[in-house]
Amino acid sequence: SGYFLQGNTQIEAWNTSNNTEIRFIQALAPKAGTIDELAFRTGSVAGDTLYLAIYACDSNNMPTGDPIFTFNTGTTTANTQYEPTISVTVTEGQPLWLATFGQTNRTRIWCTTTGSTSVRAWPAVPRFLSSINYSGDVNQLRITGQTNGVWPTLSSSTEFLATDVVYQFKAAIHITE
């Protein structure tokens, strides 16, 4: 709260139009504490339900288990800031995965910026994962064939596909130490 999220571009290309696909963006916790605020803002085109989740990592830095946080917006409204309730304890440098379902109508999301030092645009630049053989630039993982809005339990047998996306979903987070 107390911050307004709007960046230099709003775009629908941050996600896929396939609503049975989940995209995963890796992020690192910038400091230890509890993520107690998360916010993002829709642009001028809205109407989808956005489904978000955060997954923990296994020993290979891959998404695993059940999500440790989930949120859905209901039908989105244009030019609206969303601030879901969140309480996720993290350690500094802890890798996490922010996951989003694709959406049929491609709601636009602003790239987030903020002048506050206590609120950070998140995820930061995704880390390279040594456990996947990449060719070219890859900054997201994805799985297909999922039921829209139903978060799967992930395991070492989950088959992830690697992908490169120019525009990334961004949120602002606040961590209380």
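Residues numbered from 1 in each chain as written. Predicted model: local features only at pLDDT ≥ 70, side-chain atom pairs only at ≥ 80, totals over all residues. Heavy atoms only, no water.

**Topic: unusual backbone geometry**
Here is step 1: Positive phi values are uncommon outside glycine, yet Asn 61 reaches one of about 65 degrees.
Here is step 2: Structurally, Asn 61 can be placed in the loop between β4 (49-57) and β5 (63-75).
Here is step 3: Phi at Asn 79 takes a positive value of approximately 50 degrees, unusual for a residue other than glycine.
Here is step 4: Secondary-structure assignment places Asn 79 in the loop between β5 and β6 (81-82).
Here is step 5: Assessed through its relative accessible area of 40%, Asn 79 is described here as partly exposed. (Helix = DSSP H or I, 4+ residues; strand = E, 2+ residues; numbered from the N terminus. Buried < 20%, exposed > 50% of the residue type's maximum accessible area, 1.4 Å probe, protein only.)

**Things to note about the environment of Ala 27**
Here is step 1: With respect to the element layout, Ala 27 can be found in strand β2 (residues 22-28).
Here is step 2: Spatially, the C-alpha atoms of Ala 27 and Pro 95 are 5.7 Å apart, while their sequence positions differ by 68 residues.

**Focus: the environment of Val 88**
Here is step 1: Secondary-structure assignment places Val 88 in strand β7 (residues 88-90).
Here is step 2: By relative accessible area, which is 5% here, Val 88 ends up buried.
Here is step 3: Placed 54 residues apart in sequence, Val 88 and Thr 34 show a C-alpha to C-alpha distance of 5.3 Å.
Here is step 4: For Val 88, the contacting residues outside a window of four places in its chain are Gly 33, Thr 34, Ile 35, Ile 68 and Phe 69. (Contact = heavy atoms within 4.5 Å.)

**Observations concerning the sheet that holds strand β11 (residues 140-143)**
What holds strands together in a sheet is hydrogen bonding between their backbones, with the strands either parallel or antiparallel.
Here is step 1: Here we have six strands laid out as an open sheet, ordered β5-β4-β8-β2-β11-β12, and antiparallel in their pairing. Either end of the sheet is taken by a strand with one partner, and the two such strands are β5 and β12 (161-163). Recorded for the sheet is a direction-independent mean angle of 30 degrees between the axes of neighbouring strands.
Here is step 2: Relative to strand β8 (residues 95-101), β2 runs antiparallel, the two sharing seven bridges. Paired with Leu 28 across the two strands is Pro 95, which belongs to β8. (Pairing = 2+ DSSP bridges. Axes fitted to C-alpha atoms, helices over the stretch in contact; angles between N-to-C directions.)

**Comments concerning the environment of Asn 19**
Here is step 1: Mapping Asn 19 onto the fold places it in the loop between β1 (10-11) and β2.
Here is step 2: A sequence separation of 127 residues divides Asn 19 from Gln 146, and the C-alpha atoms of the two residues are 8.2 Å apart.
Here is step 3: For Asn 19, the contacting residues outside a window of four places in its chain are Phe 101, Gly 102, Gln 103, Thr 104 and Asn 148.

**Let's talk about the nonpolar core**
Here is step 1: Ile 35, Leu 38, Phe 40, Ile 54, Ile 86, Val 88 and Val 90 are the most contacted members of the largest nonpolar core, which totals 18 residues.
Here is step 2: Among the elements of the structure, β3 (33-41), β4, β7, β8 and β13 (171-176) are those that each provide at least two residues to this core.
Here is step 3: In this structure, Tyr 51, Phe 101, Ile 143 and Phe 160 belong to the second largest nonpolar core, which totals 15 residues. (Core = buried A, V, L, I, M, F, W, Y, C linked by side-chain atoms within 4.5 Å.)

**Some remarks on the packing of aromatic side chains**
Here is step 1: In this structure the tally under the stated criterion is seven aromatic pairs.
Here is step 2: When the ring of Phe 40 is compared with that of Phe 71, the centres are 6.5 Å apart and the planes differ by 75 degrees; the resulting orientation is edge-to-face. Note that Phe 40 is positioned in strand β3 and Phe 71 in strand β5, a separation of 31 residues in sequence.
Here is step 3: With centroids separated by 5.5 Å and ring planes inclined at 20 degrees, the aromatic side chains of Phe 40 and Tyr 82 adopt a geometry described as stacked. (Phe/Tyr/Trp six-rings, centres within 6.5 Å; stacked < 30°, edge-to-face > 60°.)

**Describing the pattern of salt bridges**
Here is step 1: Evaluated as defined, the whole model comprises three salt bridges.
Here is step 2: Of the charged contacts, one joins Glu 21 and Arg 23 as a salt bridge, the two residues approaching to 2.7 Å between their closest N and O atoms. For the pair shown, Glu 21 and Arg 23 are each scored as buried.
Here is step 3: Residue Lys 31 pairs with Glu 177 through a salt bridge whose shortest N-O separation is 3.4 Å. Placement of the pair is Lys 31 in the loop between β2 and β3 and Glu 177 in the segment after β13, with a sequence separation of 146 residues.
Here is step 4: Overall, the relative accessible area of 74% leaves Glu 177 in the exposed class.
Here is step 5: Each member of the salt-bridge network shares a partner with another, and the members are Glu 21, Arg 23 and Arg 142. (Salt bridge = Lys/Arg side-chain N within 4 Å of Asp/Glu carboxyl O.)

Distances and angles like these do not, on their own, reveal function.
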